[in-house]
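A structural walkthrough
So you can see what is in the structure, the chains are spelled out below.
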Amino acid sequence: MVKKHMDGINKIERVLITGGTGLLGIALQQSAPADVMGFFNYLPSSSSPVGLPFPAMVADVTDNRQMEAVFKWAMPDVVIHTAAIGSVDFAEKNREETRKVNLEGTKIVAALCDDFQALLIYISSNAVFDGRTPFYSETSPVNPINYYGQLKVEAENVVRDSCESWAIVRPILMYGWPHPGERDNPVVWWVRSLENGSPIKVVDNVFSKPLPVWSCAEVIWQVIRQGRTGIYHAAGRDHLSLYQFALHVADVFSLDAKLITPVPDSFFPEIAPRPKDTSFDTTKMEMELGVKCIGIREGLIRMKIERAGKP
Ligand SMILES: NC(=O)c1ccc[n+]([C@@H]2O[C@H](COP(=O)([O-])OP(=O)(O)OC[C@H]3O[C@@H](n4cnc5c(N)ncnc54)[C@H](OP(=O)(O)O)[C@@H]3O)[C@@H](O)[C@H]2O)c1
């Protein structure tokens, strides 16, 4: 069957974003091309979806009937499935609940995408890799070392096996300002702690290429715009430890770097195992999609400007 989007993206598209109140869901709405007609779903427990640009409908991705109603309302050509439990530590400790949302929810969304002949963009993660052999390309073999990563691999397989039209975008550690009341990311947590004068301990033996959330949104819109399918990695330009990242945050936000102490990841034995370095090879993102990798300072300065611009 010929899919609607495969004719090329040169018409108004109807795009549904699951988890539209999340960090990425909001960035996608804020950066949507003008000719996109967008919709999103949110949970009744969500902080407050007021003020977001797309119209919204309450629906839990684990509820087939609710999601079917959302699809009938949005009649999407494209679905960006961001909704998930994103905390690696929560996932490790609350396996049944996380499996229901991250895997069973993806099965529901994937089946509906096939019914509605919509392209599914599934948001996976760098956590599909074990972190032993960076830099990972889209063809590198997966080998997750925590439960969150294991579910991402299983969900990717569901998407590949049950959808005719799909793309998988794997973001690495994302940062940006979340919607009020939504989940924090390390930058927000570090800024808040340092502003309060609280000392923080940051791991210096886990490395990443942190990604501003708007850059991830740009990757996704380019995948859609260019009618791409397959796997795409999304990462920032700079490769550094979390401790080095925190030092940049202190510097850009003019906060006291002396409050930051480097520690090895073994300092936090209670948290889920983290891969040491899942940093991506970004050749495909840059060459095929034409999206520039953003450096740490550029990303943080934009966050600082965004905050200064808020009332
Ligand atoms: N942030 C990162 O560094 C990162 C890195 C790699 C991959 N990812 C992946 O990227 C995607 C987006 O991440 P994010 O940081 O934007 O996540 P987020 O800020 O935690 O947002 C997740 C969204 O999913 C919603 N959600 C959770 N359970 C749901 C359910 N049962 N039904 C409907 N909606 C539900 C949340 O609603 P509530 O707010 O109401 O709970 C929220 O809107 C996720 O798939 C995540 O695994 C994130």
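Residues numbered from 1 in each chain as written. Predicted model: local features only at pLDDT ≥ 70, side-chain atom pairs only at ≥ 80, totals over all residues. Heavy atoms only, no water.

**A look at the domain arrangement of the chain**
A common way to state how big an interface is: give the accessible area lost once the parts meet. Rules: Domain boundaries shown here were taken from an automatic or database domain assignment. For this analysis, residues touch if any pair of their heavy atoms sits within 4.5 Å. Buried area is calculated as the accessible area (1.4 Å probe) missing from two parts once they are joined, with the contributions of both summed. Definition used for salt bridges: Asp or Glu carboxyl oxygen within 4 Å of a side-chain nitrogen of Lys or Arg. Here a polar contact is recorded for every N or O atom pair within 3.5 Å, except that within protein the pair must consist of a potential hydrogen donor and a potential acceptor, and residues adjacent in sequence are included only if both atoms are side-chain atoms. Per the convention used, a helix needs a DSSP run of H or I reaching at least four residues, while a strand needs a run of E reaching at least two, with both numbered from the N terminus.
You can read the domains of the chain as domain 1 (4-177 + 210-237 + 280-294) and domain 2 (186-207 + 239-276). A straight line from the C-alpha centre of domain 1 to that of domain 2 covers 27 Å. At the interface, 16 residues of domain 1 touch 15 residues of domain 2. Here domain 1 meets domain 2 over a buried area of about 1,300 Å², counting both sides, of which 73% is carbon and sulfur. Across the domain 1-domain 2 interface, the total number found is one salt bridge. Between R274 and D89 there is a salt bridge; the shortest N-O distance is 2.9 Å. Our count for the domain 1 to domain 2 interface comes out at three residue pairs in polar contact (both at pLDDT 80 or more). No other element matches the four residues that helix α3 (residues 88-93) contributes to the side of domain 1 that touches domain 2.

**What to know about the packing of helix α1 (residues 23-30) against helix α7 (residues 213-225)**
Selection criterion: To define axes, lines are fitted to C-alpha atoms, for helices over the stretch in contact only, and angles between the resulting N-to-C directions are given on a 0 to 180 degree scale. In a left-handed crossing the near helix is turned counterclockwise from the far helix by less than a right angle, and in a right-handed crossing that turn is clockwise. Throughout this entry, Asp, Glu, Lys and Arg are counted as charged residues, while Ala, Val, Leu, Ile, Met, Phe, Trp, Tyr, Cys and Pro are counted as nonpolar. The remaining residues, Gly among them, count as polar.
Where α1 meets α7, the axes come as close as 9 Å, and the angle between the chain directions of the two elements is 65°. Relative to α7, the crossing made by α1 is right-handed. Note on element contacts: α7 touches α1 through V213, W214, C216, A217, I220 and W221, opposite L23, L24, A27 and L28. Residues of the contact of α1 with α7, tallied by class, amount to ten nonpolar, no polar and no charged.

**Structural notes on helix α2 (residues 64-74)**
Put simply, the rule is: Burial classes follow relative accessibility: with a 1.4 Å probe on protein chains only, a residue under 20% of its type's maximum area counts as buried, one over 50% as exposed, and anything between as partly exposed. Comment: arc refers to directions from the helix axis out to C-beta atoms.
Along α2, the residues classified as buried are M67, V70, F71 and A74. For α2, the arc enclosing every buried residue in end-on projection is 95°, short of the 170-degree limit, so these residues lie on one face. Facing away from the buried side of α2 by more than 90 degrees, the exposed set consists of R65 and K72. Looking at the buried side of α2, the elements it contacts are β1 (13-18), β2 (36-42), β3 (56-58), β4 (78-81) and α4 (95-115). One side-chain oxygen at the N-terminal end of α2 lies 3.0 Å from the backbone nitrogen of R65; it belongs to D63. In the segment just after α2, M75 is the residue with positive phi, at about 45°.

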